[in-house]
Amino acid sequence: MMNKNILLCVTGGIAVYKAVSLTSKLTQSGANVKVIMTKSAQKFVTPLTFQAISRNPVYTDTFDEKEPESIAHIDVADWADLIIVAPATANTIGKLANGIADDMISTTLLAATAPVWVAPAMNVHMYDHPAVKRNIQTLASFGYEFIEPSEGYLACGYVGKGRLEEPEKIVELVQHFFLEEKPLKGKRILITAGPTRESVDPVRFFTNRSTGKMGYSLAKEAVKLGATVTLVSGPVHIEPPTGLTMINVTTAEEMYEATLNSFEEQDVVIKTAAVADYRPVDISNNKMKKSEGELTINLERTKDILATLGHKKTHQFLVGFAAETDNVEQYAREKLIRKNADIIVANNVLVEGAGFGTDTNEVVMYMKSGESKPLPLQSKDSVAKNILLEINERLKDGYDE
């Protein structure tokens, strides 16, 4: 953290006293800390306190321009390597989510390009309010990271979730952030995940057993490794990772369109989604009733997304997945050639711990060069990180040319 520039945005709440401790610990760790305070925050602690601890001027007013040669809220936004809003009140979270810029903090964050971490602190019922939840989700979609509040005794007398995370824990997170390598920084990665659904009538559809866990692990790890990530997801029951662009789809056709629309600007495309190969030719507008005898539903092929991408790619590094039950290597290598992919990641879904819905996976990466690399049974997050690091090595070697 030595000489890293951290901008601490302090908003009004009893937890402001923890922000004083946080400033002290960040400064002692070698970081350069500048503080912006809202008017409400100044009701709890004076700017002089933060100035004395940070040894930097404290910003309190957008229009208080101390240096004529620069505009303060732009200058401090450009200066920061990391921005932390702690404590973050429901009011400030609402402003940031809706683009309101009526004080120094909200104006500065609109101009910021550095990573932004938000540490909420409020009453347990306020934190659980639908408006606050919606605003947090909106900020997450912008790429803001959240430091979840802890549970405990609150100033209002309640016991529950809403306490600002302890300064020691926040400093630890900051240290990990600056220590962690970002080998995929500057790379744009598109990931498809989950199943698709093909309607038969208003109440029935064809789908598969994919849960989206592998794709979501890849998206989460890609963000951690510094990539700019777009996640195209079929219907799943997983909270989306923060810090990425999310595109929700339902059908194979919708996934095809969403993927193709974003393809040109990507450096890497990883297609983990289990897309339906067939869909009903005719979809009934009304619920189909039971009748005597057999029922026949005519199916037609859906568009082959991976093959289309393989045909259209110019500079993109293309990765496909193959979930098989037998002849895994044969089918994977055939798919690698047929789809013009750079890597096919294959697994046998009948192997315990490697099928749909598990938190672990065991895969083999089959490369365009003819090599193969097995990854033994491990968490899907670990599998995802290993796949991404392999992609990065091959990008560095010019393997995508």
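Keep in mind that what you see is a predicted model, and the values were worked out from it rather than measured.

A. Looking closely at the overall build of the chain. Within the chain, the regular secondary structure consists of 14 helices and 20 strands. Viewed in the frame of its principal axes, the chain has a C-alpha envelope of about 80 × 55 × 40 Å. Taken over 401 residues, the chain has a buried fraction of 48%. Long-range pairs, those at least 24 residues apart, make up 68% of the contacts in the chain between residues at least 6 apart in sequence. Each charge class in the chain was averaged separately, 43 positive and 51 negative side chains, and the resulting centres sit 3 Å apart.

B. Structural detail: the domain arrangement of the chain. Split by domain assignment, the chain resolves into domain 1 (5-179) and domain 2 (188-279 + 296-397). Relative to domain 2, the C-alpha centre of domain 1 lies at a distance of 37 Å. Between domain 1 and domain 2, the residue contacts involve five residues of the former and four residues of the latter. Between domain 1 and domain 2, a total of about 300 Å² is buried, with carbon and sulfur atoms accounting for 43% of that surface. Counting every contact that joins domain 1 to domain 2 gives zero salt bridges.

C. Geometry of a nonpolar patch on the surface. Together, I14, Y17 and F44 make up a nonpolar patch on the protein surface, roughly 350 Å² of accessible area in all. Tracing the sequence through the fold places Y17 in helix 1 (residues 16-28).

D. Quick peek at the environment of I343. Mapped onto the fold, I343 is located in strand 18 (residues 343-348). Look at I343 and you get buried, because its relative accessible area is 1%. Residues I343 and E371, 28 residues apart in the sequence, show an inter-C-alpha distance of 9.7 Å. Once residues within four sequence positions are removed from consideration, I343 is found in contact with F317, L318, V319, G320, L336, M365, Y366, M367, E390, I391 and R394.

E. Here's a closer look at the side chain of T62. Locating T62 in the fold gives a position in the loop between strand 3 (58-59) and helix 4 (72-79). Under the relative-accessibility criterion, T62 is labelled buried at 13%. From its side chain, T62 meets the backbone nitrogen of M104 in a polar contact 3.1 Å long. Ignoring sequence-local partners within four residues, the contact set of T62 consists of H73, D103, M104 and T107.

F. Fine view of the packing of aromatic side chains. Applying the stated criterion across every chain yields a total of three aromatic pairs. Considering the side-chain rings of W117 and F177, the 5.4 Å spacing of their centres and the 80° angle between planes classify their relative orientation as edge-to-face. Placement of the pair is W117 in strand 5 (residues 116-120) and F177 in helix 9 (residues 167-179), with a sequence separation of 60 residues. Neither residue differs from the other here; W117 and F177 are each classed as buried. With centroids separated by 5.0 Å and ring planes inclined at 70°, the aromatic side chains of F177 and F178 adopt a geometry described as edge-to-face. The structure contains a cluster of three or more aromatic residues connected by ring pairs, namely W117, F177 and F178. Residue placement shows K34 over the ring face of W79; its charged tip is 4.6 Å from the ring centre.

G. Representation of the pairing of strand 20 (residues 372-379) within the structure. Relative to strand 20, strand 19 (residues 360-367) runs antiparallel, the two being bridged by six bridges. When the sheet's bridge partners are listed, Y366 is paired in strand 20 with S372.

H. Main features of the nonpolar core. Counting residues in each nonpolar core, the largest one holds 32 residues, and the members touching the most others are I189, I191, L218, I270, I387 and I391. Mapped by element, the contributors of at least two residues to this core are strand 9 (188-193), helix 10 (213-224), strand 12 (228-233), strand 14 (268-271), strand 17 (317-324), strand 18, strand 19 and helix 14 (380-396). Discounting chain neighbours no more than four positions away, the residues touching L218 are I191, I270, T272, F321, A384, I387 and L388. Listed in part, the 31 residues of the second largest apolar core include V10, V16, F177 and F178.

I. Looking closely at unusual backbone geometry. With an omega of -5°, the peptide bond between A86 and P87 qualifies as cis. By the secondary structure assignment, P87 is in strand 4 (residues 82-88). A positive phi angle is found at N340, which is not glycine, with a value near 55°. Within the secondary structure, N340 sits in the loop between helix 13 (328-338) and strand 18.

J. View of helix 14. Spanning 17 residues, helix 14 covers 24 Å between terminal C-alpha atoms, matching the ideal 24 Å at 1.5 Å per step. All buried positions along helix 14 are accounted for by K380, V383, A384, I387, L388, E390, I391, N392, R394 and L395. Positive backbone phi, at 75°, marks G398, one or two positions downstream of helix 14.

K. Spatial organisation of the sheet that holds strand 5. On the basis of which strands lie adjacent, the open sheet formed by six strands has the order 3-2-1-4-5-6 and parallel pairing. Looking at strand neighbours, the two that pair on one side only are strand 3 and strand 6 (145-146), the edges of this open sheet. The sheet contact formed by strand 1 (residues 5-10) and strand 4 spans four bridges and is parallel. In the strand pairing of strand 4, L7 is matched with I83.

Cut-offs and rules
Residues numbered from 1 in each chain as written. Predicted model: local features only at pLDDT ≥ 70, side-chain atom pairs only at ≥ 80, totals over all residues. Heavy atoms only, no water. Helix = DSSP H or I, 4+ residues; strand = E, 2+ residues; numbered from the N terminus. Buried < 20%, exposed > 50% of the residue type's maximum accessible area, 1.4 Å probe, protein only. Contact = heavy atoms within 4.5 Å. Lys, Arg positive; Asp, Glu negative; His and termini not counted. Charge placed at Lys NZ, Arg CZ, Asp CG, Glu CD. Domains from an automatic or database assignment. Buried area = accessible area lost by both parts, 1.4 Å probe. Salt bridge = Lys/Arg side-chain N within 4 Å of Asp/Glu carboxyl O. Patch = residues over 30% accessible without salt bridge, like charges linked within 9 Å, V, L, I, M, F, W, Y side chains within 5 Å. Areas by Shrake-Rupley, 256 points an atom, 1.4 Å probe, with all protein chains shown as cover. Polar contact = N/O pair within 3.5 Å; in protein donor to acceptor, adjacent residues only side chain to side chain. Phe/Tyr/Trp six-rings, centres within 6.5 Å; stacked < 30°, edge-to-face > 60°. Lys NZ or Arg CZ within 6 Å of the ring centre and 35° of its normal. Pairing = 2+ DSSP bridges. Core = buried A, V, L, I, M, F, W, Y, C linked by side-chain atoms within 4.5 Å. Expected span 1.5 Å × (residues − 1).

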